[in-house]
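# Working through the structure, step by step
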Amino acid sequence: MSQSISYWFDAVLLTVVLAAQVCLYQAAQPALRRWLRPRGLRAAQAALAALLAGALLVVALNSEQRFWRASRWLNRSLTFAAAIWVAGSVGAAVILAAAWLATRRSAPGSAGKRAGAGRRSFLAGAARLAALAPFGVAGYATLLVRREFEVRETDFPVPNLPADLEGLRLAQLSDIHFSPYLTLPELERVVAMANETRPQVALVTGDLITRRGDSLEACLARLARLRAEAGVFGCLGNHEIYAGCEDLTERRGRELGIEFLRGERRALRFGGARLNVAGVDYQRQRRPYLAGAERLLDPGAINLLLSHNPDVFPVAADLGYDLIVGGHTHGGQVTVEILEQTLNVARFFTPYVAGLYRRGASSIYVSRGIGTLNLPMRLGAKPEVSLLRLRRV
C-alpha cells in the first residue's frame, strides 16, 4: 500500500474510534442523570470524558513511531487496559447504534404504542447486555490469544524438486516486534519452539523491533540461539527502516551468526542439490519491486527469496524464484469470518495475507508473525512459528 493510502486509512480508523467514544458518552447520559444530582452529574461527565480521552491518548502514544514507556508492570497494565477499552468500545458503539436504529424503525402507530414501547424497552436492554461482549472479546484477544504461539506446518510445493531437497525443513520467524508488547520470556519460548522443529535452515523475515528505543540487542541475542544445520538467514522489514537500525541489525547479526541478506545470496548444498537463498530489504511500495533481484538467481539451484513485503510475489514469480517467504501482514492480526469470507485490515492492502499462495511454478508463504502492532491483541490470527517442508509436485 502507498503511504498516502495508509494515512487515509488511519484517518478513517481514528474517525470511527472517536465516533464510538462520542456514542458511548451519549449513551451513558440518561443513567448519569437518573443517578446523580446536578453537581455530581457535572463531575461524573467530566470524569467519563477524561476516561475516554485518556484511553485514546495512551493508544495513540503506542503508534508505530513512538511509545509511552510501558516497561514496568503498572504502565504495561494500563496500556493493555486502554487497548481493550478502545477495541471493545468500538464494538459496543456499533451494537448500541444498531439497536437505536432498530427501535426508531419499529416505532408504532397510535394503535400499538404500548406493545411498541415494550419492544423498544426489550431491544434497549438486550443491546446494553450485548454491548459488553466486545470488551470480553478484546480482553481475550489481548491477554490470551496474543500469547498463544503455535507451530504451523506447511508443505512448500516445488515442481521438479531434487530428491536431496525433498522434506527439507525451513523454520521461519517473522514480525517479532520485540517491544513492551512482547516479553523476553515470550521471545525465548518462540526461539525454543523453532529449535524443536530441528530445521535445516532458519529464517528471520524482518520487523525484529517496532520503534527506536526497543531493545534490538536483546532481540538479536535471543535470535542467536536459533539452531539450524545450514545456518540462520534473514531479511529486513519496514520497522528496521523506521527505527533507523538497518546497518546495525546487519552488523550485529553477522557477529552473532545471523546473516541478514541485503541484496545478497548464499548457496547451500544438500547432497547433490543446491538451495540458493537470496534476500532483499523491505520493498517500498512507491518504487519498482525487486530491482536488480534477477542477479541473485542461480539457474542451477532451487531459488528461495526472503522478502518482508509479500506484495513482491508476482514480480518474484515472473523473475523465476521458486519459493518466496515473507510476513508483514500479521495475518491481519484481528481476523473474523463472516459468511465464509475472511475479513481483516490487511485485506484492504494486499491479497497475500497469510499462508500459502501459488502462481504458476512459484509459491509464497506469508507468516502470521509473532508480535503485534498498535493494539496488543490477536484474534483469528494466532502468532506462529512457521515450519515449511519442501515437497516435490
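An account of the accompanying structure is given in this report. (Residues numbered from 1 in each chain as written. Predicted model: local features only at pLDDT ≥ 70, side-chain atom pairs only at ≥ 80, totals over all residues. Heavy atoms only, no water.)

### Notes on the side chain of E186
This is how the line gets drawn: We count a stretch as a helix when DSSP gives it H or I for four or more residues in a row; a strand needs E for two or more, and each element gets its number in order from the N terminus. Note on exposure labels: buried denotes an accessible area under 20% of the residue type's maximum, exposed denotes more than 50%, and partly exposed covers the range between, all computed with a 1.4 Å probe on protein chains only. Counting of polar contacts relies on pairs of N or O atoms within 3.5 Å, with two restrictions inside protein: one atom must be capable of donating a hydrogen and the other of accepting it, and residues adjacent in sequence are counted only when both atoms are side-chain atoms. By the convention used here, residues are in contact when the closest approach between their heavy atoms is within 4.5 Å.
In this structure, E186 sits in helix α6 (residues 184–196). On the accessibility criterion, E186 (5% relative accessible area) is buried. Here R147 takes part through its side chain, which lies 2.8 Å from a polar atom of the side chain of E186. Discounting residues that sit within four places of it in the chain, E186 has contacts with R146, R147, F149 and Y181.

### Thoughts on the packing of α6 against helix α7 (residues 216–223)
Note the threshold: Every axis corresponds to a line fitted to the C-alpha atoms, with the helix fit spanning only the stretch in contact, and the corresponding angles, defined between N-to-C directions, vary from 0 to 180 degrees. An angle below 35 degrees is read as roughly parallel, one above 145 as roughly antiparallel, one from 65 to 115 as roughly perpendicular, and any other as oblique. Each crossing gets its handedness from the near helix: less than a right angle anticlockwise from the far helix is left-handed, clockwise is right-handed.
Interhelical geometry of α6 versus α7 gives an angle of 30° and a closest axis separation of 9 Å. Put simply, α6 runs roughly parallel to α7. Of the two possible hands of crossing, α6 and α7 adopt the one that is right-handed. Contacts between α6 and α7 involve L184, L187, E188 and V191 on the former and, on the latter, A218, C219, R222 and L223.

### Here we look at empty space enclosed by the protein
By rolling a water-sized probe across the atoms, one finds the places where empty space is left. Rules: Any residue with an atom within 4 Å of a point lines the site, the site being either a cavity, points on a 1 Å grid over the protein atoms alone where a 1.4 Å probe fits but cannot get out, or a pocket, an open set with protein on both sides within 12 Å along at least 5 of 7 lines. Grid points are joined across faces, edges and corners, and a volume is the space filled by probe spheres set on the points. Ten residue types, Ala, Val, Leu, Ile, Met, Phe, Trp, Tyr, Cys and Pro, are classed as nonpolar, four, Asp, Glu, Lys and Arg, as charged, and the remainder, Gly among them, as polar.
With the rule as written, the count across this model stands at two cavities of 30 Å³ or more. What the largest cavity holds in volume is close to 40 Å³. Per element, the largest residue contribution to the lining of the largest cavity is three residues, and it comes from strand β5 (residues 258–260). Here the residues of the lining of the largest cavity are counted per class, giving three nonpolar, no polar and five charged. Volume-wise, the second largest cavity comes out at about 30 Å³. Along the lines of polarity and charge, the residues of the lining of the second largest cavity split into three nonpolar, two polar and one charged.

### A closer look at the pairing of strand β3 (residues 201–205)
Applied cut-off: Handedness of a crossover is defined as follows: with both strands directed away from the viewer, a clockwise route from the first strand across the helix to the second makes it right-handed. Only when DSSP finds a minimum of two bridges between them are two strands counted as paired.
In terms of residue burial, β3 counts as a mostly covered element, since five of its five residues are buried. In β3, alternate side chains face the same way, and those of V201, L203 and T205 on one face and A202 and V204 on the other are all buried. Crossover handedness for the path strand β2 (residues 169–173) to α6 to β3: right-handed. As paired strands, β3 and strand β4 (residues 232–235) are joined by four bridges and run parallel to one another. When the sheet's bridge partners are listed, L203 is paired in β4 with F233.

### A few points about the packing of aromatic side chains
As a reminder of what qualifies: A pair of Phe, Tyr and Trp rings is counted when the ring centres sit within 6.5 Å of each other, with Trp represented by its six-membered ring. The angle between the planes then sorts it: under 30 degrees is stacked, over 60 is edge-to-face, the rest tilted.
Across all of its chains, the model carries four aromatic pairs by this definition. Taking the centre distance of 5.5 Å and the plane angle of 85° together, the rings of F313 and Y352 count as edge-to-face. Here the residue F313 occupies a position in helix α10 (residues 313–319), and Y352 occupies one in the loop between β11 (341–343) and β12 (355–359), the gap between them amounting to 39 residues.

### Considerations on the layout of surface pockets
The computed volume of the second largest pocket comes to approximately 820 Å³. L24, A27, A28, L96 and R128 are the residues nearest the centre of the second largest pocket, which is lined by 28 residues in total. For the lining of the second largest pocket, the secondary-structure elements that each account for two or more residues are α1 (3–35), α2 (38–60), α3 (73–105) and α4 (113–130). Grouping the constituent residues of the lining of the second largest pocket by class yields 22 nonpolar, two polar and four charged.

### Some details on the sheet that holds strand β6 (residues 264–270)
Remark on secondary structure: sheet strands pair via backbone hydrogen bonds, oriented parallel or antiparallel. Taken in spatial order, the six strands of this open sheet run β6-β7-β8-β9-β13-β12, and their pairing is mixed. On the outer flanks of this sheet lie β6 and β12, each paired with one strand and no other. Recorded for the sheet is a direction-independent mean angle of 20° between the axes of neighbouring strands. When β12 meets strand β13 (residues 362–366), the two strands line up antiparallel, connected through five bridges. Bridging from a neighbouring strand, G355 pairs with V366 of β13.

### Quick look at the packing of α7 against helix α9 (residues 246–256)
Following both chains from N to C, one finds α7 and α9 inclined at 35°, their axes separated by 10 Å at the closest point. For the crossing formed where α7 meets α9, the hand is right-handed. For the pair formed by α7 and α9, the contact residues are L216, E217, L220 and A221 on the first element and L248, T249, R252, G253 and L256 on the second.

### What to know about the nonpolar core
The condition is simple: Joining through side-chain atoms within 4.5 Å is the link that ties buried Ala, Val, Leu, Ile, Met, Phe, Trp, Tyr and Cys residues into a set, and such a set is a nonpolar core.
Membership of the largest hydrophobic core comes to 29 residues, with the highest contact counts inside it found for L173, I176 and L223. Every element with two or more residues in this core is listed here: α6, β3, α7 and β5. Not counting chain neighbours up to four residues away, the residues in contact with I176 comprise L182, L187, V204, G206, D207, L208, C219, L223, I370 and G371. Within the second largest apolar cluster, 24 residues are counted, among which are L168, L275, L388 and L390.

### Describing a nonpolar patch on the surface
Formally: Every patch collects residues that have over 30% relative accessible area and no salt bridge, joining them within 9 Å if they carry like charges and within 5 Å if they are nonpolar side chains (Val, Leu, Ile, Met, Phe, Trp, Tyr). Only the protein chains shown count as cover for residues, and the accessible areas themselves come from Shrake-Rupley with a 1.4 Å probe. A pair is scored as a salt bridge if a Lys or Arg side-chain nitrogen falls within 4 Å of a carboxyl oxygen belonging to Asp or Glu.
On the surface, W73, L74 and L78 cluster together into a nonpolar patch covering about 380 Å² of accessible area. Among the secondary structure elements, L74 is positioned in helix α3.

### Observations regarding the sheet that holds β4
One open sheet accounts for six strands, arranged β1-β14-β2-β3-β4-β5; its pairing is mixed. Looking at which strands have only one partner, the edges of the open sheet turn out to be β1 (150–158) and β5. Across the sheet, the mean angle separating the axes of adjacent strands is 25° when strand polarity is ignored. Where β1 lies against strand β14 (residues 384–392), nine bridges are found, and the strand directions are parallel. By the bridge assignment, T154 is partnered in β14 with L388. Across the face of the sheet, α6 comes into contact with β1, β2 and β14 while running at roughly 170° to β2.

Read these as spatial facts, not as claims about activity.
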